[in-house]
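Chains, contacts and geometry: an overview
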Amino acid sequence: MRYILIFLLLVQLAVLSAQPVLGQRLRRAPGTATPKDTVNISPPQDSLVTTAPQGDIETTINYSARDSILFEVDRKVVHLYGDAKIDYGTMELSAAYIQIDYDLNTLTATTLADSAGQETGTPVFKDGAESYAAKRIAYNYKTRRGRISEVVTQQGEGYIHSEVVKKNEANEIFGLHNKYTTCNLEHPHFYISAGKIKAIPNDKIMSGPFNLVIADIPTPLGFLFGLFPTPKNQRSSGVIVPTFGESRARGFYLSNGGYYLALNDYIGTRITGDIYSLGGYKVTVDNTYIKRYSYRGNLNISYDYFKNDEADVADPNRSTNSLAGLPPTQRTAFINWSHSPVQKPGRGRFSANVRAGSSQHNRVNYNSPNEYLAPTFNSTITYQKNIQNSPFSYTATLSQGQNNGGFTEDGKPQPTIMRFTLPDLNFAMTQTSLYELFSKEVPTGKWYENFTFGYNVRVRNEVSNQVQARRLGTIPVVNGTETDTSFALNLNNLDRLWRNGRKSADHNFSIGLGNYKVFRFFNLTPNVNYRESWFDNKLTYTYDEEQQAVRIDTASFGRVYEYGAGASLNTTVYGTVQFPKSKRVEAIRHTMIPSISYGYRPNFGDESRYGFTQTTQVAIDSLTNQPIFQTLPRFNGNVPSGGLASNLSMQINNRVEMKVRSRSDSTEAKSEKVSLIDNLNIGASYNLAADSLRLSNINISMNTRLFKVFDVNFTSTLDPYQLSPDGNRRIDRFMLESPGFKLARLTNANLSVRANFNPEARSTNTPPPTNLPGMLNPNDQFLPDYVDFNIPWTLNLDYTIFYTGGTPLNPGTITQNIGMQGTLNLTEKWKFGYMAGYDFTNQNISNASLDIYRDLHCWEMSIGWRPFGQMRGYNVTINARSALLRDLRLTRNRSGMNFR
């Protein structure tokens, strides 16, 4: 201490030499702008001493003041006036007035009154990551204890308003007469009122009896004690508070209550459950894992016991009353697993997307309309690897698919059909130059150096518990069956499951013969292709005269192949129309890409040459007593189509663009390119080998974006041939030969126009950001997932018209639909989302929804209403915005098909 006193005495002497009066404040001359007074006081150290300094002051105290600094040497007190600041180790203190008492080792900070009598310079105390704002702060920097009056402290996402707070050396805070809230206003909209609170930084906040106060109105909501986690790393184990609700089928319920386990930095587990007043329960284990730069994934396992009143199930009117769709009592389970790796060069990639379980599980526990309406669920587990420095790669896949099931009219669940591919192996060689593959010489540009070769083989083993019907249309079959059947999946049926499988191998050879310039402006590309498939079943048919039916025998191996060759020729033609400089339009350019191709493929239906089909007796004519023969496929339909193909295909692709001068008068203004037609495609083919109806249908498609607002898509099909008088078949006579000038007959057409009036999208010519409050949340079909008040409004209009051509006896039909969806900010805090669709054919509203979102600063309110359809219902939710108090919510919902 003697060193400190000597140092203070020297400083005081320096002050006395500059001022005649002891204790007078240091003041600035009017109009001057000099740096703040800054004085560093630290214990003196000998240059040879390397040990830590001794004494009450452990490190340097740096302090400054804008107005003045006053020293009282006899009392060992320093007074700082005006924007006073102190830095002492990890501690920082700022206020209008600060007093340092070296005798008592204390720091005292308060506000000061200005000329108008208003308190200014609120003291702010920081110690490490903790921050406190108060009217008065007293702190002992030796014991690291403090007393703070009328303080607001921030703990994680929450704020504690206290009349008096005591702080100990462990940075623990003890508050008296407290308000705990996540509202960052001086006068919060809501708070939890508690007489005593203890806060452990970066850990938790504990309180005694508390109750909730909203808009200064006390509510009876509360409990005997409170515990609010405030972990530093935002992850900690803790209780998950359930939510309360009501379901038409299951009554009142407590949902998603349980416990969260933060096992380590890579894995987090949620164990939650639901319980229902009408009986039944649900248990869910959800695991999320992640390893940076390696992989991430989620594993969710759910088990549900749905209990239904058997009298309701047996109700004969259940299909027409409010009980429609309710399943019988059942126990179901489901697993969801997703695994996504980070792609790394030279390494394999393992990924998984598994959705499997009881077929009726998602009918009862759906989280979105998509899950409820999905007819099937598919799962895949894949490992893929590219072999470095080679054109080879391989993929191994395990896949599974199942139907979502349903119920019969009497309420019984329909059988679940499961299909597995175990395994699905694929080996591929990318298109590679044959010259580079077999020669080490540098290519010289000769024509044969353009030849390329590629190969792909896929081996599959498909099994299913569905047994296909043994039938041949209307032909009688020995031991035949009319409908598909299924058997249960269990260990006893594994052998049957294997025997019911289908094994195959597909080989594809792609041979490229290069690309060549002909006649300067044309590109010629010849091609050759070959495909071969192997099957484990080859069918042989014989006629059983005794039973007057066809007997089907199966061989163990069969082979099918097909090949073909062809060539394509294309070029590009440009046409430009220039306009005078007085016009705003500079030019219009039309780009046309005509192409013609030819393909040849033999008649693989030739039984004597290829044997892919078999002509056999199938019956006896009862009138003539003569046998009736029919050609049947030998590979369950996996046969190349019969007939010689010698196709000449023609296609024209068009694109129209316009260059427009900028409205700016600047000579450096650039022109803008506007697309009038992005793509207009016309195509048809002509089979030179066919004996009739050689010309195919003419397909026309067009798409474009107009004025950065309208997306237009159009498709149509034209038939060049006439119909028979009864309208049931095409005849070999062109429409041009009919009375009147008709090139073709329109068989179908579809026009879709989508208008986006969001001004942000118009300025950027890109699709608008999605901002509908009705976006489906993974945990609730009504709650908004994301709402951005910075987007004032959005409006999307959709119009679709579909025409199906008729016949002379049956006129064509037209289907029209119009849809509208968007959002609107009525004020800075109110947003509306809407969606509606109208079916002109049925003259009814196909779907509609209205969503209202209210920003209540620290609270938020959402209202969702679905007035039509199976998903009809409503939801009203008011909840705190902070994730810390996300369970502090009031929810009322009801939906027509919500079984939860």
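Residues numbered from 1 in each chain as written. Predicted model: local features only at pLDDT ≥ 70, side-chain atom pairs only at ≥ 80, totals over all residues. Heavy atoms only, no water.

**Side note on the state of the cysteines**
All told, the structure shown has zero disulfides when counted by the stated rule. For Cys-183, which is in no disulfide, the shortest distance to another cysteine sulfur is to Cys-858 and amounts to 3.6 Å. Cys-858 sits in the buried class, given a relative accessible area of 5%. (Disulfide = S-S within 2.5 Å. Buried < 20%, exposed > 50% of the residue type's maximum accessible area, 1.4 Å probe, protein only.)

**Focus on the pairing of strand 48 (residues 730-734)**
Here two bridges tie strand 47 (residues 721-723) to strand 48, and the two strands are oriented antiparallel to one another. Bridge pairing links Tyr-721 to Phe-734 in strand 48. Here strand 47 folds back onto strand 48 in antiparallel fashion, the turn holding six residues, of which Gly-727 has a positive phi close to 75°. (Pairing = 2+ DSSP bridges. Helix = DSSP H or I, 4+ residues; strand = E, 2+ residues; numbered from the N terminus.)

**Here we look at the side chain of Thr-823**
Note on placement: Thr-823 falls in strand 51 (residues 813-825). For Thr-823, a relative accessible area of 1% translates into the label buried. At 2.9 Å, the side chain of Thr-823 forms a polar contact with the side chain of Thr-794. (Polar contact = N/O pair within 3.5 Å; in protein donor to acceptor, adjacent residues only side chain to side chain.)

**Some points on the environment of Arg-531**
Inspection of the secondary structure puts Arg-531 in strand 35 (residues 522-535). When its relative accessible area of 29% is taken as the criterion, Arg-531 is described as partly exposed. When the C-alpha atoms of Arg-531 and Asp-506 are compared, they prove to be 7.4 Å apart, with 25 residues separating the residues in sequence. Those residues within four positions of Arg-531 in sequence are excluded, and the remaining contacts are Asp-506, His-507, Asn-508, Val-560, Tyr-561 and Glu-562. Side-chain polar atoms of Arg-531 contact the side chain of Ser-533, separated by 2.9 Å. Engagement of the side chain of Arg-531 in a polar contact is seen with the side chain of Glu-562, the distance being 2.6 Å. (Contact = heavy atoms within 4.5 Å.)

**Side note on the confidence of the model for the chain**
Per-residue confidence for the chain gives a mean pLDDT of 79; residues scoring 70 or more make up 81%. The low-confidence segment residues 319-323 (pLDDT under 50) makes seven contacts with residues lying over four places distant or belonging to another chain. Across residues 761-785 the pLDDT falls below 50, and counting only partners more than four positions away or on other chains, this stretch makes 75 contacts in the model. (pLDDT = per-residue confidence, 0-100.)

**Considering the packing of aromatic side chains**
The description of two aromatic rings rests on the distance between their centres and on the angle between their planes. Counted under the stated rule, the structure contains 27 aromatic pairs. Judged by centre distance (6.3 Å) and plane angle (40°), the rings of Tyr-281 and Tyr-303 are tilted. You can see Tyr-281 sitting in strand 23 (residues 280-291) and its partner Tyr-303 sitting in strand 24 (residues 295-306), a full 22 residues away along the chain. Note on Tyr-303: relative accessible area 31%, which makes it partly exposed. Ring plane angle 65° and centroid distance 6.1 Å describe the contact between Tyr-561 and Tyr-610, whose orientation is recorded as edge-to-face. Taken together, the residues Tyr-561 in strand 38 (residues 558-570) and Tyr-610 in helix 7 (residues 607-610) connect sequence positions 49 residues apart. By relative accessible area, which is 17% here, Tyr-561 ends up buried. (Phe/Tyr/Trp six-rings, centres within 6.5 Å; stacked < 30°, edge-to-face > 60°.)

**Concerning the pattern of salt bridges**
Taken as a whole and judged by the stated rule, the model has 20 salt bridges. With a shortest N-O distance of 3.0 Å, Asp-719 and Arg-730 are connected by a salt bridge. Of the two residues, Asp-719 sits in strand 46 (residues 710-719) while Arg-730 sits in strand 48, which places them 11 residues apart along the sequence. Bridged by salt links that share partners, the residues Asp-424, Arg-458, Arg-460 and Glu-462 form one connected network. (Salt bridge = Lys/Arg side-chain N within 4 Å of Asp/Glu carboxyl O.)

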